[in-house]
Amino acid sequence: MPDDGEETVEIRVVSSLRDIPADQWDACAGKENPTVSHAFLSSLEDSGSVTPQTGWAPQHLCIFEDSGDLIAAVPLYLKNHSYGEYVFDWGWADAYQRAGGQYYPKLQCSVPFTPVSGPRLLVRADIRADTRADVMNALTTGLMQICHQNSLSSVHIAFLPQDQWRYLGDREWLQRTGEQFHWFNDSYDTFDGFLDALSSRKRKNIRKERERVQDSGLNIRALSGADLTEDIWDVFYRFYCDTSDRKWGQAYLERGFFSLLSERMADRVVLFVAYDGVKPVAGALNLLGADALFGRNWGCLEDHRFLHFELCYYQAIEYAIANGLLRVEAGAQGPHKLQRGYRPVHTYSAHWIRDPSLRGAVENYLTRERIQVDGDIQYLETRTPFRKTDL
């Protein structure tokens, strides 16, 4: 921005990422986390996975400078349900509606169907520190104004980094915590080096699980870039739908989404595929960040014991070690990840609720919930498989 103090900006809502140049969006989003990239978010929109018809109407809050260039943004959606968010507020919605309120539609700031933490208030890196504060304030105020002007119940920002969570808490947004399980690379040279950090019993268990998969005769490959053919996506989509049918009853992602990933960001996709001979039988989709591997979707057409652990956890660890990544984020849920070397960590969300009565009730609930989450994580830290002398 100019340094003469005369700059002006325009704040507006954009209903499609097609209307924002990819390089300008990515200059705000940064390179660390692929899930907030223009390529990923626009693939969700352009494939029909994220549309008003699916209950995710894009309403991206954007700030433009005089030149027309984007300097800040929030990936934002108008929603008439709470599916695909992974920070669940069904109880809040039910209580409010039983009391005569209208909870939906609401505003949701997140990456649809993606429980991956990353920046949500996106500001271009070259913005001066003093101006950055004004821009952050404009984004925060803009979210609340949209809510007020459209008589919406609330704004929810899910899986944001801790610094942005604290920033919003200082501005009286309600603060929520959750937990996930992440693997951290303690400068391991090999997978065996990682195993050496575990207790003897846990180390043996993991080796037995991996040997069981090896003994099945399956061959596992890591596919990326040009290896991501339409044929392999056809098969992986069958994997994905099988998991969706068993867990949720519906597939959020359209088949075209995966083709667009190959077209727009193939070098940031890592797909672990298990083959029985030449036949793919299972797969796990990951996204590659600057210093982390983000696990996303998994599925299979044949049942092989421990194959889920191998594809989703152990292959990801091996890949991270080989490529010098700092961590693996293995997605939502899963205390079973603990015994496989993944540690409990906090996740963060922030909420602004327009009705004072609902806000007060939710605030009381979140105060108790944060204490419970802290206690759970403290307890789980005592149950990790690492040798106690290493803690």
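Residues numbered from 1 in each chain as written. Predicted model: local features only at pLDDT ≥ 70, side-chain atom pairs only at ≥ 80, totals over all residues. Heavy atoms only, no water.

With respect to the environment of glutamine 339
Using the following cut-off: For helices the rule is a DSSP run of H or I covering at least 4 residues; for strands it is a run of E covering at least 2, with both sets numbered from the N terminus onward. Exposure classes here rest on a 1.4 Å probe applied to the protein chains alone. A residue is buried below 20% of its type maximum, exposed above 50%, and partly exposed in between. Contacts are assigned to residue pairs with any non-hydrogen atoms lying within 4.5 Å of each other. Here a polar contact is recorded for every N or O atom pair within 3.5 Å, except that within protein the pair must consist of a potential hydrogen donor and a potential acceptor, and residues adjacent in sequence are included only if both atoms are side-chain atoms.
By the secondary structure assignment, glutamine 339 is in the loop between strand S14 (327-329) and strand S15 (343-353). Classification of glutamine 339 as partly exposed rests on a relative accessible area of 25%. The spacing of glutamine 339 and asparagine 364 is 25 residues in sequence and 34 Å in space, taken between C-alpha atoms. Apart from the residues lying within four places of it in its own chain, the contact partners of glutamine 339 are Lys202, Ile206, Arg383 and Pro385. Separated by 2.8 Å, the side chains of glutamine 339 and lysine 202 make a polar contact.

Description of helix H9 (residues 255-265)
Burial analysis of H9 places 8 of its 11 residues in the buried class, which makes it a mostly covered element. Those residues of H9 that sit buried are Arg255, Phe257, Phe258, Ser259, Leu260, Leu261, Ser262 and Met265.

A few points about the nonpolar core
In plain terms, the rule: Here, nonpolar core means buried Ala, Val, Leu, Ile, Met, Phe, Trp, Tyr and Cys residues that are tied together by side-chain atoms lying within 4.5 Å of each other.
Of all hydrophobic cores here, the largest spans 47 residues; its most connected members are Trp25, Phe40, Phe258 and Leu271. Ranked by residues supplied to this core, first place goes to helix H8 (residues 230-247) with 8 residues. With sequence-adjacent residues up to four places away left out, tryptophan 25 is seen in contact with Leu17, Ile20, Val36, Ser37, His38, Leu41, His60, Leu70, Ala73, Val74, Pro75 and Leu122. Core analysis: the next-biggest nonpolar cluster, separate from the first, contains 39 residues, Cys300, Tyr314, Ala316 and Ala330 among them.

As for the environment of phenylalanine 294
For phenylalanine 294, the position within the fold is in strand S13 (residues 292-300). Between the C-alpha atoms of phenylalanine 294 and histidine 182, which are 112 residues apart in sequence, the distance is 9.6 Å. Setting aside its immediate chain neighbours within four residues, phenylalanine 294 contacts Glu32, Asn33, Pro34, Val116, Leu285, Asn286, Leu287, Gly289, Arg327 and Glu329.

Some points on the packing of aromatic side chains
The cut-off we apply is this: Ring geometry is summarised as follows: Phe, Tyr and Trp rings, the Trp one being its six-membered ring, pair when their centres sit within 6.5 Å, and such pairs are stacked at plane angles under 30 degrees, edge-to-face over 60 and tilted between the two. Here, a charge over a ring means that NZ of Lys or CZ of Arg falls within 6 Å of the ring centre while also lying within 35 degrees of the ring normal.
In the structure shown here, the tally under the stated rule is 26 aromatic pairs. Consider the rings of tyrosine 237 and tyrosine 240, whose centres lie 5.9 Å apart with planes at 35 degrees: the pair is tilted. Of this pair, tyrosine 237 and tyrosine 240 both sit in helix H8, separated by 3 residues, roughly a single helical turn. Residue tyrosine 237 shares its accessibility class with tyrosine 240, and that shared class is buried. Among the aromatic residues, those joined into a ring-pair cluster are Phe40, Trp233, Phe236, Tyr237, Phe239, Tyr240, Phe257 and Phe258. Lying over the aromatic face of phenylalanine 191, arginine 210 brings its terminal NZ or CZ to 4.3 Å of the ring centre.

A few points about the layout of surface pockets
Using the following cut-off: Grid spacing is 1 Å over the protein atoms alone, the probe is 1.4 Å, and a cavity is where that probe fits but cannot get out, while a pocket is an open set with protein on both sides within 12 Å along at least five of seven lines and lining residues have an atom within 4 Å of a point. Grid points are joined across faces, edges and corners, and a volume is the space filled by probe spheres set on the points. Side-chain classes are defined by residue name, with Ala, Val, Leu, Ile, Met, Phe, Trp, Tyr, Cys and Pro counting as nonpolar, Asp, Glu, Lys and Arg as charged, and the others, Gly among them, as polar.
Empty space within the largest pocket amounts to approximately 1,200 Å³. Tyr86, Pro115, Gly331, Ala332 and Gln333 are, among the 50 residues lining the largest pocket, the residues nearest its centre. Elements with a minimum of two residues in the lining of the largest pocket: strand S9 (174-184), H8, strand S12 (279-288), S13, helix H10 (307-322) and S15. Of all the elements, S9 adds the most residues to the lining of the largest pocket, at 6 residues. Its residues assigned to classes, the lining of the largest pocket shows 22 nonpolar, 18 polar and 10 charged. Lining the second largest pocket are 24 residues, and of these Ser117, Gly118, Pro119, Pro161 and Arg327 lie nearest its centre. Among the elements of the structure, helix H1 (22-29), S9, S14 and S15 are those that each provide at least two residues to the lining of the second largest pocket. A per-class count over the lining of the second largest pocket returns 12 nonpolar, 8 polar and 4 charged.

So, empty space enclosed by the protein
Which parts of space are left empty comes out when a probe the size of a water molecule is rolled across the atoms. One pass over the full model with this rule turns up 3 cavities of 30 Å³ or more. Estimates place the volume of the largest cavity at around 60 Å³. Lining the largest cavity are Phe40, Leu44, Pro112, Phe113, Thr114, Leu253, Phe257, Leu261, Leu285, Leu287, Arg296 and Asn297. Counting only elements with at least two residues in the lining of the largest cavity, the list comes to helix H2 (38-46), H9, S12 and S13. Tallied by class, the residues present in the lining of the largest cavity amount to 9 nonpolar, 2 polar and 1 charged.

Notes on the sheet that holds strand S2 (residues 56-58)
We count it as follows: In this analysis, strands are considered paired if DSSP registers two or more bridges between them. The axes are straight lines fitted to the C-alpha atoms, using for helices just the contacting stretch, and the angles between their N-to-C directions are given from 0 to 180°.
Taken in spatial order, the 11 strands make up an open sheet running S2-S5-S6-S8-S15-S9-S14-S13-S12-S11-S10, and their pairing is mixed. A single partner strand is all that each edge strand has here, and the edge strands are S2 and strand S10 (219-223). Here the strands of the sheet are splayed against their neighbours by 30 degrees on average, with no regard to which way each runs. Pairing of S2 with strand S5 (residues 76-79), which is carried by 3 bridges, proceeds in the antiparallel orientation. Paired with proline 58 across the strands is tyrosine 77, a residue of S5. Set on the sheet, helix H11 (residues 356-381) makes contact with S9 and S15; between it and S9 the angle comes to about 25 degrees.

What about the side chain of asparagine 33?
Mapped onto the secondary structure, asparagine 33 falls in the loop between H1 and H2. A relative accessible area of 5% means that asparagine 33 is categorised as buried. Engagement of the side chain of asparagine 33 in a polar contact is seen with the side chain of threonine 35, the distance being 2.5 Å.

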